[in-house]
Amino acid sequence: VQLQASGGGLVQSGDSLRLSCAGSGHPLNYYTKAWFRQAPGKEREFVAAIRWGGGSTYYADSVKGRFTISSDNAKNAVYLQMNILKPEDTAVYYCAASNRVLLSNIYSPVGYDSWGQGTQVTVSS
């Protein structure tokens with residue numbers, strides 16, 4: 001599956017932003033979808049995931065209660081609603097998908113074999 005992320009931008013602390021990731025080539029509802037982010041000089045880190053079949057969601061502790069991952073099968077897309085943004089949320093955000101990721105790998109980039117190109121989110125204080 002091919003992924004195309006969009007929706008990043010420059011916002012102020014406390015603002016909201018919604019990222020979108022459009023899939024093509026295969027129906028995303030058969031894939032576990034996730035968002036990761038990477039800040040300059042840091043490793044890529046897990047943000048959120050939603051399991052195939054529209055099921056369980058998983059979040060990093062740092063975003064729990066502020067970010068929401070969702071998917072729309074009709075639009076073949078996955079979204080990340082980000083509220084109460086903080087400067088430490090500044091990073092390039094990547095969407096990812098896999099139809100064979102194990103639950104033990106759901107938080108790790110190695111569990112995913114399809115990646116979008118990334119979209120920059122910058123939060124000013």
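Residues numbered from 1 in each chain as written. Predicted model: local features only at pLDDT ≥ 70, side-chain atom pairs only at ≥ 80, totals over all residues. Heavy atoms only, no water.

We now examine the pairing of strand β11 (residues 119-124). Burial along β11 is one-sided: T119, V121 and V123 are buried, while Q120, T122 and S124, pointing the other way, are not. Bridging between strand β2 (residues 9-12) and β11 involves 4 bridges; their strand directions are parallel. Across the sheet, the residue bridging to Q12 is S124, located in β11. (Buried < 20%, exposed > 50% of the residue type's maximum accessible area, 1.4 Å probe, protein only. Helix = DSSP H or I, 4+ residues; strand = E, 2+ residues; numbered from the N terminus. Pairing = 2+ DSSP bridges.)

Glancing now at the nonpolar core. If you look at the biggest cluster of nonpolar residues, it comprises 38 residues, and the most contacted ones within it are W35, L80, M82 and Y93. Beyond its immediate sequence surroundings of up to four residues, Y93 is in contact with L19, W35, F36, R37, V47, F67, L80, M82, G118, T119 and V121. (Core = buried A, V, L, I, M, F, W, Y, C linked by side-chain atoms within 4.5 Å. Contact = heavy atoms within 4.5 Å.)

Counting across every chain of the model gives 5 salt bridges. Linking R100 and D113 is a salt bridge whose minimum nitrogen-to-oxygen distance equals 3.1 Å. Of this pair, R100 sits in the loop between β9 (91-98) and β10 (114-115) while D113 sits in the loop between β9 and β10, and the two are 13 residues apart along the sequence. What emerges from the salt-bridge pattern is a single network uniting R37, E45, R66 and D89. (Salt bridge = Lys/Arg side-chain N within 4 Å of Asp/Glu carboxyl O.)

With respect to the helices and strands, the residue R37 is situated in strand β4 (residues 32-38). Polar side-chain contacts of R37 include one of 2.6 Å to the side chain of E45. Within polar-contact distance, the side chain of R37 engages the side chain of D89 at 2.9 Å. With residues up to four places along the chain from it excluded, the contact list for R37 reads E43, R44, E45, V47, S62, V63, F67, E88, D89, A91, V92 and Y93. (Polar contact = N/O pair within 3.5 Å; in protein donor to acceptor, adjacent residues only side chain to side chain.)

Summed over the entire model, instances satisfying the criterion amount to 7 aromatic pairs. Aromatic pair F36 and W115: ring centres 5.2 Å apart, planes at 55°, arrangement tilted. One end of the pair, F36, is in strand β4; the other, W115, is in strand β10, and 79 residues separate them in sequence. Judged by its relative accessible area of 28%, W115 is partly exposed. Measuring from centroid to centroid gives 6.5 Å for Y94 and W115, while their planes differ by 75°, and the two rings are edge-to-face. On the criterion of sequence distance, the pair formed by Y94 in strand β9 and W115 in strand β10 is long-range, its members being 21 residues apart. (Phe/Tyr/Trp six-rings, centres within 6.5 Å; stacked < 30°, edge-to-face > 60°.)

Position of L10 among the secondary structure elements: in strand β2. Between the alpha carbons of L10 and E45 there is a distance of 20 Å; along the sequence they are 35 residues apart.

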